[in-house]
Structures are given as C-alpha cells and as structure tokens.
Amino acid sequence: MVLNIEQIKEIIPHRTPFLLIDRIEEMEVGVRAVGKKCVTYNEPFFQGHFPQEAVMPGVLIIEAMAQVGAVCCLSMEENKGKIVYFGGINKAKFRQKVVPGDVLLLEVEMIKIKGPVGVGKGTATVDGKVVAQAELTFMIGNS
C-alpha cells in the first residue's frame, strides 16, 4: 500500500510545519510501514539548527518515525478517526547526521500491541546507512 501526502493527512492530524513525512512507500496495516521524508534546506528548523551547518534535529527524526508508525496503527479499521500519542522513547541511537538533500527512509515495525498501547521498532536510513533507531511506545486515544 502506497500513500501520498493527501492520504497521510486524512489519517494523522499533523500539518505543516510539523508533518514530517512525505509519502508511505509500503504498509502492512497494523504490522509495519515504510515512509519517506525528503529533507530540504527550506525546512524551518534549519534556520536555528544550526545556522553554520544545517543538521536535522534527532528528535525530529524520531518524530518522523513516530508519524510513520501512527499512519500504520491508525489505518487499522478499529483505530480510524483516533489519534496516537507518545508513551515513551527507548533505546534511541543516532549514528549519522541528516542534512539537506538527504532522503530519509523511515521503517517502523510493530513489535507489541495490547489494547490501546503498543511498541514499535523504528529505523531511519539514508542511502542504506542507518542514521537513527529507537523503540517507540504509543497510546491510541480518541480525537
């Protein structure tokens, strides 16, 4: 399943400047999803992070992973129209800078879902190299 930006906006509530994914490349609803973020110099966060060397903040890479996971979970029939909140971030590691011109590939695999709480394993890569990883705990709530 491939989703464009308009279809993503029908599923999650994020909007510019905080919508951090451009496309869903692959998805098994409720199981795993792969999203894409094309990083450009025009991103608002580059104005201050850092003016002398543009680097995408690690927390925004994690947020982009979480948005991919949210699309995966909220595409499940029983979760349509709901919202996903962060419950925790564990084992986060940043291995390489993400800079303008990079294309982030964000993969999230659901490793546990029990009721409204779940855990996803996220990996972000650029050109096949891992740039960040994290375990994301989420809670599904009513919007």
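Above: the structure in question.
Keep in mind that this is a model prediction, so the values were computed, not measured. (Residues numbered from 1 in each chain as written. Predicted model: local features only at pLDDT ≥ 70, side-chain atom pairs only at ≥ 80, totals over all residues. Heavy atoms only, no water.)

### Quick notes on the overall build of the protein chain
Right, so step 1: Each helix and strand in the protein chain was counted, giving two helices and six strands.
Right, so step 2: In the protein chain, the succession of α and β elements from N to C terminus is α-β-β-α-β-β-β-β.
Right, so step 3: Relative to the compact-globule value of 15 Å for 143 residues, the protein chain shows a C-alpha radius of gyration of 14 Å, a close match.
Right, so step 4: Judged by the C-alpha coordinates and their principal axes, the protein chain covers about 45 × 30 × 25 Å.
Right, so step 5: For the protein chain, buried positions account for 45% of its 143 residues.
Right, so step 6: Working note: accessible area of the protein chain is about 7600 Å², and carbon and sulfur atoms make up 53% of it.
Right, so step 7: Separation of charge centres in the protein chain, based on 16 positive and 16 negative side chains, amounts to 5 Å. (Helix = DSSP H or I, 4+ residues; strand = E, 2+ residues; numbered from the N terminus. Rg over C-alpha atoms; globule rule 2.2 N^0.38 Å. Buried < 20%, exposed > 50% of the residue type's maximum accessible area, 1.4 Å probe, protein only. Areas by Shrake-Rupley, 256 points an atom, 1.4 Å probe, with all protein chains shown as cover. Lys, Arg positive; Asp, Glu negative; His and termini not counted. Charge placed at Lys NZ, Arg CZ, Asp CG, Glu CD.)

### Section: the pattern of salt bridges
Right, so step 1: Inspection of the entire model under this criterion finds nine salt bridges.
Right, so step 2: The shortest N-O distance in the salt bridge between Arg-23 and Glu-25 comes to 2.9 Å.
Right, so step 3: Since its relative accessible area comes to 26%, Glu-25 is described here as partly exposed.
Right, so step 4: When the shortest N-O distance is used, the salt bridge between Glu-135 and Lys-91 registers 3.7 Å. Here Glu-135, found in strand S6 (residues 129-142), pairs with Lys-91, found in strand S3 (residues 82-94); they are 44 residues apart in sequence, far enough to count as distant. (Salt bridge = Lys/Arg side-chain N within 4 Å of Asp/Glu carboxyl O.)

### Looking at the nonpolar core
Right, so step 1: Counting 40 residues, the largest nonpolar core has Ile-21, Met-56, Met-65 and Leu-104 as its most contacted members.
Right, so step 2: Only strand S1 (23-28), helix H2 (58-74), strand S4 (103-114), strand S5 (117-126) and S6 provide two or more residues apiece to this core.
Right, so step 3: With 12 residues, H2 is the single largest residue contributor to this core. (Core = buried A, V, L, I, M, F, W, Y, C linked by side-chain atoms within 4.5 Å.)

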